[in-house]
Amino acid sequence: MSDNTPILELQNVDKSFGPIDVLHNISLKVRAGEVLCLLGDNGAGKSTLIKTLAGVHKPTRGTILMDGNPVEFSGPREAQEMGISTVHQFGGTFPLMSIGRSFFVGVEPTKGWGPFKVYDRKTANEIAVKAVQDFGITRIDDGDRLVGGLSGGERQSLAIARAVHFGARVLILDEPTAALGVKQAAHVLRIVNEAKRRGLAVVFITHQVMHAMTVGDHFAVLIRGAIAADFRRGEKTREEITDLMAGGETMADLEAQIESYMDAHEGQPPPPAQ
Amino acid sequence: MNSLSLGQILRRPEFGAVLSFVAVITFYVAFGGVSLGTLFGAASWVNFAANLGIVALPVGLLMIAGELDISIGAMIPAGSMSIAILSGYYDLPIVVGMLGALGLGVLVGLANGFLAVRTSVPSLIITLGTLVAVQGLVLAGSVILTGAASVPLEAPTWAKAVFGQLILGKFQVIILWWFALTIVFAFVLHATRYGNWIFAMGGDEVSARNAGIPTKRLKIALFVLSSTAASFVGMCGAIQFNSAQVSGGMNYIFNTIVSIVVGGVLLTGGFGSVVGIFLGALTFAVVNQGIYFTDIDRNWSNLIIGVMLMAAVLMNNTFRQMALSYAPKKKK
């Protein structure tokens with residue numbers, strides 16, 4: 001599977017907002033049935049990168065390739081139509097709507113004719129529940145339940161199942177485990193594995209190294225808008241990755257630096273980096 | 001799965017409204033010495049409920065979609081003045097007057113809607129602006145055109161029969177309009193995809209737009225609907241009472257909001273039902289007008305409304321929590 005052309009590829013992509021450069025020379029590939037983990041601390045440019053992938057921002061320089069052909073998205077809708085789906089932390093779901101209704105928002109199944117086209121609640125509920133259960137969330141069995149009553153992990157799973165059901169080929173998961181407990185996060189990671197097994201290309205954004213290492217095939221560490229490291233599964237240990245994310249220096253080195261600065265400057269902490 | 005269990009009834013948005021309705025009537029019977037026969041035979045509160053309810057339906061839908069429209073307070077006199085000036089003062093056919101009244105509603109609704117989708121100003125402020133502006137327009141227009149703030153209107157028989165007669169000598173025909181519109185709105189909100197869009201928009205507008213819902217068009221349509229409905233109520237009033245005044249209508253602003261919230265609609269959007277809005281208007285009318293049938297001094301009615309509003313909101317919050325935390329028992 002991994003030797004065919006990548007579904008989505010970035011080649012030397014730069015993105016700047018006016019004079020501020022946010023992304024420099026980003027090159028990434030993600031293939032079908034592969035999970036690419038994008039690691040980075042806050043402010044490293046992860047969200048800008050996601051938005052560029054999802055068609056919200058246009059790259060200032062560089063190209064985006066889909067199935068080997070250069071593409072330019074006019075907006076998020078077009079990216080979505082081409083099969084790029086973004087699932088955000090709380091997944092575009094509506095807490096006070098039923099599972100069936102929220103699953104089909106915008107594409108409601110109807111029955112009947114003319115002005116009497118009626119929303120087909122039964123079909124909607126059945127399809128939604130089946131789609132989620134196929135992902136291994138068997139606890140969801142009533143499509144009339146409100147989304148807000150689900151746990152964070154179940155909501156994530158519902159959003160992912162929804163994206164897959166409506167034909168996503170590339171799944172961009174924006175910090176799906178950030179707000180979740182250990183058990184819930186494991187839930188979501190299982191869903192990610194299932195999506196991978198089904199041959200989706202997954203871009204998994206996180207700053208939790210443990211979660212990334214559980215499901216990732218390929219890792220890219222983003223520091224100040226540039227890719228600082230790019231490696232495959234098993235090539236680096238957890239400590240090495242954490243240190244990379246902290247800016248390429250080990251935590252121990254950093255602490256020593258601060259201490260020596262304070263010694264030399266009568267206990268003043270160092271000024272913020274330029 | 002379709003059978004209604006007690007739990008399912010409890011979780012419906014309008015359940016709180018049913019309780020409020022029963023509680024208010026019980027209160028009047030127990031402490032006001034009112035007889036149920038007199039109360040249900042009386043027309044005053046049903047007439048009141050119908051006028052209020054027709055405005056509350058579209059405003060309630062707007063609230064479910066996450067917006068508010070208070071310009072209805074000015075649209076009611078604007079509707080009655082339009083038809084009275086056109087068909088009463090200028091003697092144009094009644095149909096022209098009706099089109100004028102409803103057309104003004106559409107125009108103001110379009111203005112509200114466009115402002116709401118083009119700017120980031122909250123709809124409360126936008127419609128506050130149009131509320132005052134329409135008020136000024138109607139007063140100035142009426143004085144310039146007719147030289148008076150009150151205009152008589154003689155409607156032909158057929159128009160009176162459809163929009164402004166009394167059935168059995170006391171029930172306004174607008175009650176039938178209210179029933180019919182409730183059925184239409186209930187169908188749209190709960191059985192069509194547009195209803196689903198309204199809920200989605202009120203739940204999370206950005207996600208709704210990302211899911212491909214034309215949120216802007218939908219919002220404009222809802223604003224048009226609410227100001228046209230208000231104009232319609234004003235028009236019917238003018239036909240019924242053979243005259244129109246520039247004042248009045250302001251009470252409707254708070255009355256509709258109270259009855260919608262009592263009806264179980266979430267003020268911030270995303271939750272509610274048409275049956276709830278219907279019952280909310282009915283409950284409000286019983287409190288407001290039913291008090292005349294009791295031994296209670298009518299000055300107390302606002303106190304009762306205030307207490308009822310608080311109680312209803314607290315109750316609705318509890319029921320919403322129950323709905324949220326509901327999970328099938330066997331898997332718990």
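Residues numbered from 1 in each chain as written. Chains lettered and ligands numbered in written order. Predicted model: local features only at pLDDT ≥ 70, side-chain atom pairs only at ≥ 80, totals over all residues. Heavy atoms only, no water.

K.L.:
Whenever I open this one, helix H6 (residues 182-197) of chain A confuses me. Can you help?
P.N.:
Count 3.6 residues to each turn of an α-helix, and residues three or four apart come out pointing the same way. Residues and elements named next belong to chain A. Counted at 1.5 Å a residue, the expected span for H6 with its 16 residues is 22 Å, and the 23 Å between its end C-alpha atoms agrees. Where H6 is concerned, the buried positions are Ala185, Val188, Leu189, Ile191, Val192, Glu194, Ala195 and Lys196. For H6, the secondary structure elements touched by its buried residues are strand E3 (34-40), helix H4 (121-134), helix H5 (152-165), strand E9 (170-174), strand E10 (201-206) and helix H7 (209-215). Positioned one or two residues after H6, glycine 199 has a phi angle of 90°, which is positive. (Helix = DSSP H or I, 4+ residues; strand = E, 2+ residues; numbered from the N terminus. Expected span 1.5 Å × (residues − 1). Buried < 20%, exposed > 50% of the residue type's maximum accessible area, 1.4 Å probe, protein only. Contact = heavy atoms within 4.5 Å.)

K.L.:
In this structure, what is going on with the packing of helix H5 (residues 72-89) of chain B against helix H12 (residues 215-241) of chain B? I would like to understand it.
P.N.:
A pair of packed helices is captured by two measures, namely the crossing angle of their axes and the spacing between those axes. Residues and elements named next belong to chain B. One way to put it is that H5 packs onto H12 with a least axis distance of 7 Å and a crossing angle of 45°. Of the possible angle classes, the one that applies to H5 and H12 is oblique. For the pair H5 and H12, the crossing hand works out as right-handed. For the pair H5 and H12, the contacting residues are Ile72, Met75, Ile76, Gly79, Ser80 and Ile83 in the first and Ser226, Ser227, Ala230, Ser231, Gly234, Met235, Ala238 and Ile239 in the second. (Axes fitted to C-alpha atoms, helices over the stretch in contact; angles between N-to-C directions. Parallel < 35°, antiparallel > 145°, perpendicular 65-115°, else oblique. Left-handed = near helix turned anticlockwise from the far one by under 90°.)

K.L.:
Please clarify how the sheet that holds E3(A) should be interpreted in this entry.
P.N.:
Sheet strands pair by backbone hydrogen bonding; their relative direction is either parallel or antiparallel. Residue and element names in this part refer to chain A. A sheet is described by the order of its strands in space; here 6 strands give the open sequence E6-E9-E10-E3-E11-E12, paired in mixed fashion. Strand pairing shows two members of the sheet lacking a second neighbour, strand E6 (84-87) and strand E12 (226-232), which therefore form its edges. Across the sheet, the mean angle separating the axes of adjacent strands is 20° when strand polarity is ignored. Relative to E10, E9 is paired through 5 bridges, and the arrangement is parallel. Of the residues in E10, the one forming a bridge with aspartate 174 is isoleucine 205. (Pairing = 2+ DSSP bridges.)

K.L.:
Mind showing me how you'd approach the packing of aromatic side chains here?
P.N.:
Aromatic ring pairs are described here by two measures, namely the spacing of the ring centres and the angle between the planes. Taken as a whole and assessed by the stated rule, the structure comprises 17 aromatic pairs over all chains. Aromatic pair B:Phe163 and B:Trp177: ring centres 5.4 Å apart, planes at 15°, arrangement stacked. Taken together, the positions of B:Phe163 in helix H8 (residues 157-163) and B:Trp177 in helix H9 (residues 174-191) put the pair 14 residues apart, joining distant regions of the chain. Relative accessible area serves as the criterion here: at 29%, B:Trp177 is assigned to the partly exposed category. When the ring centre of A:Tyr119 is taken as origin, the NZ or CZ atom of A:Arg101, which lies over that ring, is 4.5 Å away. Above the plane of the ring of A:Phe135 lies A:Arg198, whose end atom (NZ or CZ) is 4.2 Å from the centre. (Phe/Tyr/Trp six-rings, centres within 6.5 Å; stacked < 30°, edge-to-face > 60°. Lys NZ or Arg CZ within 6 Å of the ring centre and 35° of its normal.)

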